[in-house]
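Topology and contacts: notes
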Amino acid sequence: MKRQKRDRFQRAYVHGYKAGVTGRSRDDCPSQDINLREYWMSGWREGRGDQWDGMTGVSGIHKNPMVMT
C-alpha cells in the first residue's frame, strides 16, 4: 500500500504539538523557514496548553492531531 505524502505544514504542526505536549522548549524548532516555523509554533502552543490542562497520556488521546486528520 502506498503512503501519501503529507503536507509539510501539517507535519510541522504535528511535530510542534508533540514537542509542546512533552514539555520541550520552543527553541527546539528544527526549521529556519519562517512559514514552517509558524506552523510548528502553532502546534507547540496548542501542545503546551494541552499539557498545562492535563491532557497528556490517555486523557489527551482525543486531542492527538494524528487522530483528528
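Our subject is the structure that appears above.
Bear in mind that the values here come from a model prediction, so they are computed numbers and not experimental data. (Residues numbered from 1 in each chain as written. Predicted model: local features only at pLDDT ≥ 70, side-chain atom pairs only at ≥ 80, totals over all residues. Heavy atoms only, no water.)

Let's talk about the pattern of salt bridges
In the structure shown here, the tally under the stated rule is two salt bridges. With a closest N to O distance of 3.5 Å, Asp33 and Arg8 form a salt bridge. Note that Asp33 is positioned in the loop between helix H1 (8–21) and helix H2 (34–52) and Arg8 in helix H1, a separation of 25 residues in sequence. Relative accessible area serves as the criterion here: at 33%, Asp33 is assigned to the partly exposed category. A salt bridge links Asp28 to Arg24; its shortest N-O distance comes to 3.4 Å. According to the relative accessible area criterion, Asp28 is partly exposed, its value standing at 37%. (Salt bridge = Lys/Arg side-chain N within 4 Å of Asp/Glu carboxyl O. Helix = DSSP H or I, 4+ residues; strand = E, 2+ residues; numbered from the N terminus. Buried < 20%, exposed > 50% of the residue type's maximum accessible area, 1.4 Å probe, protein only.)

Things to note about the side chain of Arg48
For Arg48, the location among the structural elements is in helix H2. No salt bridge is formed by the buried Arg48. Its closest oppositely charged neighbour is Asp28, at 8.8 Å. Only 3.2 Å separates the side chain of Arg48 from the backbone oxygen of Gly23, close enough to count as a polar contact. (Lys, Arg positive; Asp, Glu negative; His and termini not counted. Polar contact = N/O pair within 3.5 Å; in protein donor to acceptor, adjacent residues only side chain to side chain.)

Observations regarding the environment of Arg24
When you line up the elements, Arg24 lands in the loop between H1 and H2. As a C-alpha pair, Arg24 and Arg48 span 24 residues in sequence and 8.8 Å in three-dimensional space. Aside from chain neighbours lying at most four places away, what touches Arg24 is Ala19, Trp44 and Arg48. Of the polar contacts made by the side chain of Arg24, one reaches the side chain of Asp28; its length is 3.4 Å. (Contact = heavy atoms within 4.5 Å.)

The quantities given are spatial measurements derived from coordinates; they are silent on function.
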